[in-house]
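# Understanding the architecture of this molecule
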Amino acid sequence: MSEQQDSSLQGQLFDNLRSLITLIDQLRDLGVQEYIKLPRIAVLGSQSAGKSSLLENIVGLDFLPRGEGIVTRRPLEMRLIHKPDALKPWAVFDVCKDQKFFDFEKVREYIVELTDKATGNSKDVVPDPIVMTVYSRDCPDLTVIDLPGITRIAIKGQREDIEKVTLEMATHYCQDERTIILAVCPANQDLSTSDGLQLAIKLDPTGSRTLGVITKIDIMDQGTDCRKELLGQIIPLKLGFVGVKNRNQKDINEKVRVGIALQRETDFFAKHPLYSQMPPDIMGTKALIQKLTTILFKHIRASLPQIIREIDQKVQDCEVKLAQLGPGLPRDNKEKMQVIWNMLTEYTENLNNKLRGKFDVKSALQKDTQISGGAQVKLYLNELYNEQSGKNYRVSREYTDREIREAIRLHQAFYIQSCHNQRRLRDPAIDTLNEVFTYVDSLSNSILKKVFYRFPTILDAISDISSQVLTEQKNKTKVVVENLIDAELGYIFTNDQDYLTMNASIIPQEDKEDQKTAAAAPTGDNAAGTANTANTSANTANKPAAQANKQDTDPEKVLAQELSRRLDAYYRIVIRNLRDSVPKAIGYFLVRAAQEQMQFQLYNEIMKSQSVMGLMSEPEYITIEKRYHQKDIVSVEKCIETLEIRSTINIPTTNQ
């Protein structure tokens, strides 16, 4: 690339810089920085590192407060706008945009006034920034934030943890990857111990967004210099270092103008035996301004596409949140009823889908690991009579032989068994019914809260109605369940072929395996060994009468044992029937009926009670949240309009 082409490219680059900086400043004014990080330059350094003098050199004006201790106690955001045709420079503060300050002594006083107003005339520091725009033909196009200096020792009127406060504030501004750090280090201090540079390296370990500035070069001890520091041989930074000569205290006391001080700086470096031999792009304020503008331009150019994407995403996020908050509340009762009806439809559909176990995309996207409603209900139903259905369970163990003999004598054996087990079977069934009801009611309430969260005043009324619907269905289901149990126990009957085959005779023939089991099992007075006694009876029937002992041929004993066996066999049939019929009854009369009737009954109850309409109002926090997101959308839409300026910015491509 020829020198002429390079000069033309640089001229185009800096012509576009103002447009890019203006674009970022406009986005900042629109409040974008609250949720999107914007490119900026933050000046970081310790107290008395020479930051104020450096910034005045960059601006070309004397306007910053001076004094002992921390002078900068609020971040000062300076937006510098180069105005070649400006006869006189002026400043405008964000808090009074209609007022122009042509007297920069007044600017200094107003900065102090705004600082004292925020800090209450104390010496403390506050994070709320002062925003000031300077228009001048001598200043470059830059936006720079001057941060309070890092302070180790508190003075009178300051909080004791001033070092922590200043470090946290500097960290807050400089940790963002879109912030360029201008680390100011005095030359008369060891570079490795500089507070500003240490924090910059911590926040920017690669040094890719930190530009070092070495001040007070002219007051170094005789025989010393900062050549190695400027060349990055002590601490390397990708953006490098620049050395400057600021006004010293004598110059400030004598009110030497900044323009004269800048000329003296140029002469100092030009005549210095060492610094005059160094690269000119790292010496002096003009070199610093040139480097800063180049860095900021490239930084904004690289960040802008991602900023645009983040702004577009913000619009989508706001629209989604507003959609979730729902449309505005209508005033007409008919329209209110339509809103309620739509929400009731959403609620019942969600409840039905949950109870049916239908795949829910939202739950899947949210990685919801909870068991679906229908599966949870079936878990409750599967547990019913689980213990009684086991192979080793014997209902006859609940009776002694004496109780069975008495029942035989009264011809009431199965009747006694039925009465005895009525509560044993009824209680688990009712408990299961209550568990399913409680779960469905809880599921219903959780869905209602999600659907009606906009209207907490009406939520309670709707919740009461839905619980009432479920309670009515539960009560109906309870009657059905109790009737099923009563039918099983109150009327002895079965068509079970296995039972009828095995119990065709008073002493049925058992298979050989049962005989072995009976032979191995111990005998006892009660019916705990039912299988044993039943099989013993079978063995006795196959023996000659002469070989049978007296106990084996006791008719009453044999009959009691046989009756115990038949009770166990019949009870197993009862349990099998109830394990099927009771869950079906609960599933049909409670769960399915709730699914089918909930929407209709809710609508009818609401139509009967016009007072529900009066309860329909949004809580204040929902209204405030809506306004907040609507305000964000307006702000972001203005940002999008502002970003259209990018189509008029001709950004040259370079290999730099």
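This report concerns the structure included in the present document. (Residues numbered from 1 in each chain as written. Predicted model: local features only at pLDDT ≥ 70, side-chain atom pairs only at ≥ 80, totals over all residues. Heavy atoms only, no water.)

## Comments concerning helix 8 (residues 258–271)
- The terminal C-alpha atoms of helix 8 lie 20 Å apart, and with 14 residues this matches the ideal 20 Å at 1.5 Å per residue to within 8%.
- Of the positions making up helix 8, those classed as buried are Val-258, Ala-261, Glu-265 and Phe-269. Seen along its axis, helix 8 keeps its buried residues to an arc of 70°; they face one direction. Among the exposed residues of helix 8, those oriented more than 90 degrees off its buried face are Ala-270 and Lys-271. (Helix = DSSP H or I, 4+ residues; strand = E, 2+ residues; numbered from the N terminus. Expected span 1.5 Å × (residues − 1). Buried < 20%, exposed > 50% of the residue type's maximum accessible area, 1.4 Å probe, protein only. Arc of directions from axis to C-beta.)

## Things to note about the layout of surface pockets
- When its volume is computed, the second largest pocket comes out at roughly 760 Å³.
- Residue composition of the lining of the second largest pocket, grouped by class: 14 nonpolar, 10 polar and 10 charged. (1 Å grid on protein atoms, 1.4 Å probe; cavity = no way out; pocket = protein on both sides within 12 Å on 5 of 7 lines; lining within 4 Å. Points joined across faces, edges and corners; volume = space filled by probe spheres on them. Nonpolar A, V, L, I, M, F, W, Y, C, P; charged D, E, K, R; others polar.)

## Some thoughts on the environment of Leu-38
- Mapping Leu-38 onto the fold places it in the loop between helix 1 (3–29) and strand 1 (40–45).
- You can call Leu-38 buried: its relative accessible area is 4%.
- C-alpha separation for the pair Leu-38 and Thr-179, spaced 141 residues apart in sequence, amounts to 7.6 Å.
- Ignoring sequence-local partners within four residues, the contact set of Leu-38 consists of Ile-24, Leu-27, Arg-28, Val-32, Gln-33, Asp-176, Arg-178 and Ile-307. (Contact = heavy atoms within 4.5 Å.)

## Re a negative patch on the surface
- A cluster of acidic side chains, namely Glu-383, Asp-427, Asp-431 and Glu-435, defines a negative patch on the protein surface.
- Assignment of secondary structure puts Glu-435 in helix 14 (residues 413–451). (Patch = residues over 30% accessible without salt bridge, like charges linked within 9 Å, V, L, I, M, F, W, Y side chains within 5 Å. Areas by Shrake-Rupley, 256 points an atom, 1.4 Å probe, with all protein chains shown as cover. Salt bridge = Lys/Arg side-chain N within 4 Å of Asp/Glu carboxyl O. Lys, Arg positive; Asp, Glu negative; His and termini not counted. Charge placed at Lys NZ, Arg CZ, Asp CG, Glu CD.)

## Details of the sheet that holds strand 9 (residues 241–243)
- The strand order 4-3-5-2-6-1-7-8-9 describes an open sheet built from 9 strands, whose pairing is mixed. At either end of the open sheet lies a strand with only one pairing partner, and these are strand 4 (96–101) and strand 9. Recorded for the sheet is a direction-independent mean angle of 25° between the axes of neighbouring strands.
- Looking at chain direction, strand 1 and strand 7 (residues 179–186) are connected through 6 bridges and run parallel. By the bridge assignment, Gly-45 is partnered in strand 7 with Val-184.
- Contacts between helix 4 (residues 162–174) and the sheet are confined to strand 1, strand 6 (142–146) and strand 7, with strand 1 contributing the most and set at about 155° to the helix. (Pairing = 2+ DSSP bridges. Axes fitted to C-alpha atoms, helices over the stretch in contact; angles between N-to-C directions.)

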